[in-house]
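The lines below spell out each chain.
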Amino acid sequence: MLRSILRSSTSNASRRGFASGASPERKVAILGAAGGIGQPLSLLMKLNPLVTRLALYDIAGTPGVAADVSHINTGSEVVGYMGDENLGKALEGSDVVIIPAGVPRKPGMTRDDLFNINAGIVKSLCTAIAKYCPNALVNMISNPVNSTVPIAAEVFKKAGTYDEKRLFGVTTLDVVRAKTFYAGKAKVNVAEVNVPVVGGHAGITILPLFSQATPKANLSDDEIVALTKRTQDGGTEVVEAKAGKGSATLSMAYAGAVFADACLKGLNGAPDVVECSFVQSTVTELPFFASKVRIGKNGVEEVLGLGALSNFEKEGLEKLKPELKASIEKGIKFAHQN
Ligand SMILES: NC(=O)C1=CN([C@@H]2O[C@H](COP(=O)(O)OP(=O)(O)OC[C@H]3O[C@@H](n4cnc5c(N)ncnc54)[C@H](O)[C@@H]3O)[C@@H](O)[C@H]2O)C=CC1
Ligand SMILES: O=C([O-])CC(=O)C(=O)O
């Protein structure tokens, strides 16, 4: 067991000296830390000055990743944990738990094709979260997000720890893509671009609201249709380009790091922290829905509405509902039956 736990050599004193100044100490755990997303995400979280302790958990490979990342001269302490028997220690005291554990797609597969394997992984990890860090903000990356978030909610409900303010499906990559594609088409500075993306995280359930994109640009209807389709198919574009070697990892690690940073800022009391996320929601008749969310000291402070939609977006919203509803129900059913 000892061999599976690797501590960084950074001293407490130097850690405090380097760390986050007046910010409170924050522990972040990454579950699936040795994977394609997990490794670059571990790197990016090691670079985040709001993190004081970084727990890297996986079923294999974490000693190496933790040793590697721990040599970076930023303030946080890095500890690697490997194997189920060390999951509790990885989670204890965590403020934010990021979950990129599970299998990725291969060409020809949908995200839902990952359900059979990933549902069980998510269920067991969330059972441990309920036991060891029930107050953590959970950032669910594992696909299919449209089902894994409802599974997590049911696991937490069963354990008596569910707080809808603390459970987030990470849809930030859809926003990252929408911003990039819009900036390219509209020929505006990508750093200034904002595009809300609502709905869910699979195919047509991903609904970018380009009518609300800023800075405003005069794009034709055809251009908006093409941008929407490219955003919806962004994951597949990467899966096909990787030709059997997995799905988005680097852009996802970036997106995961952006979202976790927003959670840390919100927890620390920063004002106006708003990101899109797939959360428990009353924005539509569906129990979970992605939209802009204000994040604060308790997690979700406010689920923001959709704003004015174009006719094209209104149609997209109605079209996505049956698929999203079915994915949510599939997750809930799985959690009840297993
Ligand atoms: N939400 C989003 O926007 C995105 C989600 N994803 C999803 O993220 C997941 C991970 O993708 P990759 O990192 O590319 O896969 P990967 O296969 O490279 O890494 C997954 C890691 O999870 C670990 N793992 C498996 N079972 C585990 C368990 N019970 N506990 C802890 N770790 C466990 C594996 O050992 C592996 O290191 C996939 O489900 C993928 O579809 C990927 C891209 C974007
Ligand atoms: O497409 C996939 O399977 C991975 C994913 O969720 C994304 O890249 O958006």
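Residues numbered from 1 in each chain as written. Chains lettered and ligands numbered in written order. Predicted model: local features only at pLDDT ≥ 70, side-chain atom pairs only at ≥ 80, totals over all residues. Heavy atoms only, no water.

An unreviewed UniProt entry annotates the protein chain as Malate dehydrogenase of Ipomoea trifida. Recorded in UniProt for the protein chain, the comment headed Subcellular location (unreviewed entry) runs: "Mitochondrion matrix". The record in UniProt for the protein chain states the following under Sequence similarities (unreviewed entry): "Belongs to the LDH/MDH superfamily. MDH type 1 family." (UniProt positions renumbered as here; feature names shortened; annotations may be inferred.)

Our focus in this paragraph is the pattern of salt bridges. Taken as a whole, this structure holds 12 salt bridges when the rule is applied. Among the salt bridges present, the one from K330 reaches D112, with a minimum N-O distance of 2.9 Å. Residue K330 is found in helix 11 (residues 311-337), and its partner D112 is found in the loop between strand 5 (96-99) and helix 5 (115-132); the two are separated by 218 residues along the sequence. A salt bridge links K325 to E329; the shortest N-O distance between them is 3.2 Å. Of the two residues, K325 and E329 both sit in helix 11, 4 residues apart, roughly one turn of that helix. Given a relative accessible area of 43%, K325 falls into the partly exposed group. Given a relative accessible area of 42%, E329 falls into the partly exposed group. (Salt bridge = Lys/Arg side-chain N within 4 Å of Asp/Glu carboxyl O. Helix = DSSP H or I, 4+ residues; strand = E, 2+ residues; numbered from the N terminus. Buried < 20%, exposed > 50% of the residue type's maximum accessible area, 1.4 Å probe, protein only.)

Another aspect to go through is the pairing of strand 4 (residues 77-82). With 5 of 6 residues buried, strand 4 lies mostly within the body of the structure. Sheet topology note: the strand 3 (residues 53-58)/strand 4 ladder contains 6 bridges and is parallel. Opposite L54, over in strand 4, you have V78 as the bridge partner. In this fold, the crossover linking strand 3 to strand 4 by way of helix 3 (residues 62-70) has right-handed handedness. (Pairing = 2+ DSSP bridges. Right-handed = clockwise from strand over helix to strand, strands pointing away.)

The UniProt record annotates "binding site: substrate" (unreviewed entry) at R105, R111, N143 and R177. Within the secondary structure, R105 sits in the loop between strand 5 and helix 5. Note on R105: relative accessible area 8%, which makes it buried. In this view, R105 contacts T110, R111, L114, G235, T236, V239, G246 and S247; residues no more than four positions away in its chain are not counted. (Contact = heavy atoms within 4.5 Å.)

Our focus in this paragraph is the site of ligand 2. Lining the immediate surroundings of ligand 2 are R105, R111, N143, L173, R177, H201, G235, S247 and A248. One of the side-chain nitrogen or oxygen atoms of N143 is found 2.8 Å away from an oxygen atom of ligand 2. Summarising the interface, the protein chains cover 94% of the accessible area of ligand 2, which totals 260 Å² for the free molecule. Counted by class, the shell around ligand 2 contains 2 nonpolar, 4 polar and 3 charged residues. (Near = heavy atom within 4 Å. Polar contact = N/O pair within 3.5 Å; in protein donor to acceptor, adjacent residues only side chain to side chain. Areas by Shrake-Rupley, 256 points an atom, 1.4 Å probe, with all protein chains shown as cover. Nonpolar A, V, L, I, M, F, W, Y, C, P; charged D, E, K, R; others polar.)

Quick look at the nonpolar core now. Counting 48 residues, the largest nonpolar core has L31, L91, V97, I99, I129 and F156 as its most contacted members. The element best represented in this core is helix 5, accounting for 8 residues. Setting aside chain neighbours within four positions, we find I129 in contact with L31, L91, V97, I99, P134, V138 and F156. Counting residues in each nonpolar core, the second largest holds 39 residues, with A33, L41, L264 and V279 among its members. (Core = buried A, V, L, I, M, F, W, Y, C linked by side-chain atoms within 4.5 Å.)

With that settled, consider unusual backbone geometry. For residues other than glycine, phi is negative in most cases, and the peptide bonds are mostly trans. Of the consecutive residues N143 and P144, the connecting peptide bond is found in the cis state with omega at -5°. In this structure, P215 follows T214 across a cis peptide bond, with omega equal to -10°. Tracing the backbone through its elements, the reader meets P215 in the loop between strand 9 (206-208) and helix 8 (221-232). Even without being glycine, D272 reaches a positive phi, approximately 55°.

On to the packing of helix 6 (residues 145-159) against helix 11. Packing of helix 6 against helix 11 brings their axes to within 7 Å, and their N-to-C directions diverge by 40°. One way to sum up the angle between helix 6 and helix 11 is to call them oblique. For the pair helix 6 and helix 11, the sense of crossing is right-handed. Between helix 6, through N146, S147, P150, I151 and E154, and helix 11, the contact on the second element is made entirely by L324, S327, I328, K330, G331, I332, F334, A335 and H336. Across the contact of helix 6 with helix 11, the residue classes break down as 7 nonpolar, 5 polar and 2 charged. (Axes fitted to C-alpha atoms, helices over the stretch in contact; angles between N-to-C directions. Parallel < 35°, antiparallel > 145°, perpendicular 65-115°, else oblique. Left-handed = near helix turned anticlockwise from the far one by under 90°.)

Attention now goes to helix 8. For helix 8, with 12 residues, the first-to-last C-alpha span of 16 Å sits near the 16 Å given by 1.5 Å per residue. Burial in helix 8 covers these residues: I224, L227, T228, T231 and Q232. Along helix 8, the residues classed as buried sweep out an arc of 130° about the axis, all on the same side. Where helix 8 is buried, its residues touch helix 7 (172-186), strand 9, helix 9 (234-242) and helix 11. (Expected span 1.5 Å × (residues − 1). Arc of directions from axis to C-beta.)

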